[in-house]
Amino acid sequence: MPTFILETNLKKIASKLESSMHDKIRNLVASITGKSDDFVLTVLKAGIAMKFGPTDEPCAYCEIKSVGALSPENTQELSSLLCVQISKDLKIDPTRIYLEFQESAGHMWGWNGRTFARWAVSSPSIRTFWFKTIFQLLWQLFLIHPVTDSPSCYAERGLEWIGHWGHAWNIQ
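Residues numbered from 1 in each chain as written. Predicted model: local features only at pLDDT ≥ 70, side-chain atom pairs only at ≥ 80, totals over all residues. Heavy atoms only, no water.

1. Here's the deal with the overall build of the protein
- Tallying secondary structure elements over the protein gives four helices and six strands in all.
- Along its sequence from the N terminus, the protein presents helices and strands in the succession β-α-β-β-α-β-β-β-α-α.
- Taken over 172 residues, the protein has a buried fraction of 31%.
- Residue pairs at least 24 apart in sequence account for 75% of intrachain contacts in the protein once pairs closer than 6 positions are excluded.
- Per element, the accessible surface of the protein, about 10,800 Å² overall, is 58% carbon and sulfur. (Helix = DSSP H or I, 4+ residues; strand = E, 2+ residues; numbered from the N terminus. Buried < 20%, exposed > 50% of the residue type's maximum accessible area, 1.4 Å probe, protein only. Contact = heavy atoms within 4.5 Å. Areas by Shrake-Rupley, 256 points an atom, 1.4 Å probe, with all protein chains shown as cover.)

Structure, rendered in structure tokens:
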């Protein structure tokens, strides 16, 4: 569901370049957001009446929209890489490119007759849910079914497990 929209005052984008830009931008957005490139939509619009400041020099305005995945780190990386790519392909000075990032709630995006509200839970929330569920299950097993060690020994091992996997899964 990530969407990239580019509008520029260039008269036209050559069809071969346009096809190449769709592929490059789709792959770039998918790789940074962690979303499947099958769902990245790219729109390139040339011939838009626009000015950046007082001159008619080439310029571009881009929108990047997504349900989740637009953290400050991701938007910084996207801004850097997209400016380089657009500047290289369209010969537009990076100081004349604006990018706007919009993160939407899942219920605000529709596809295939429904919305993404069902999938709108962020991945850290999902990791936290599964971590807590697995931990509770293991905790009960440790306390209810000690084999040879005392329950306190299992509890200590459980806490070591939390320390290791909680850090690895970025549990807050």
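2. Regarding helix H2 (residues 72-90)
- The end-to-end C-alpha distance of H2, which contains 19 residues, comes to 26 Å, matching closely the 27 Å that a straight helix rising 1.5 Å per residue would cover.
- Check the buried side of H2 and you find it contacts strand E1 (3-8), helix H1 (15-33), strand E3 (60-66) and strand E4 (97-103). (Expected span 1.5 Å × (residues − 1).)

3. Observations regarding the pairing of E3
- For E3, a buried count of five out of seven residues is recorded, marking the element as mostly surrounded by other parts of the structure.
- Pairing of E3 with E4, which is carried by seven bridges, proceeds in the parallel orientation. Among the inter-strand pairings, Cys-62 is bridged to a residue of E4, identified as Leu-99.
- Between the parallel elements E3 and E4, the chain passes through H2 in a crossover that is right-handed. (Pairing = 2+ DSSP bridges. Right-handed = clockwise from strand over helix to strand, strands pointing away.)

4. Some thoughts on the pattern of salt bridges
- Overall, the coordinates contain six salt bridges when judged by the stated rule.
- A salt bridge links Lys-45 to Glu-7, with the shortest nitrogen-to-oxygen separation between them at 3.4 Å. Of this pair, Lys-45 sits in strand E2 (residues 41-45) while Glu-7 sits in strand E1, placing them 38 residues apart in sequence.
- Here Lys-45 falls in the partly exposed class, since its relative accessible area comes to 34%.
- Lys-24 is the partner of Asp-89 in a salt bridge, and the nearest nitrogen-oxygen pair spans 3.3 Å. Of this pair, Asp-89 sits in helix H2 while Lys-24 sits in helix H1, placing them 65 residues apart in sequence. (Salt bridge = Lys/Arg side-chain N within 4 Å of Asp/Glu carboxyl O.)

5. Notes on the nonpolar core
- Membership of the largest hydrophobic core comes to 24 residues, with the highest contact counts inside it found for Phe-4 and Leu-82.
- Of all the elements in the fold, those that place two or more residues in this core are E1, H1, E3, H2 and E4.
- It is H1 that contributes the most residues to this core, six residues altogether.
- If sequence neighbours within four positions are ignored, Leu-82 has contacts with Phe-4, Ile-25, Leu-28, Ile-64 and Leu-99. (Core = buried A, V, L, I, M, F, W, Y, C linked by side-chain atoms within 4.5 Å.)

6. So, the state of the cysteines
- Scanning all chains against the criterion turns up zero disulfides.
- With no disulfide partner, Cys-62 has as its closest neighbouring cysteine sulfur the one in Cys-83, 7.3 Å distant.
- Owing to a relative accessible area of 0%, Cys-62 belongs among the buried residues under this scheme. (Disulfide = S-S within 2.5 Å.)

Geometric values such as these leave the question of function open.
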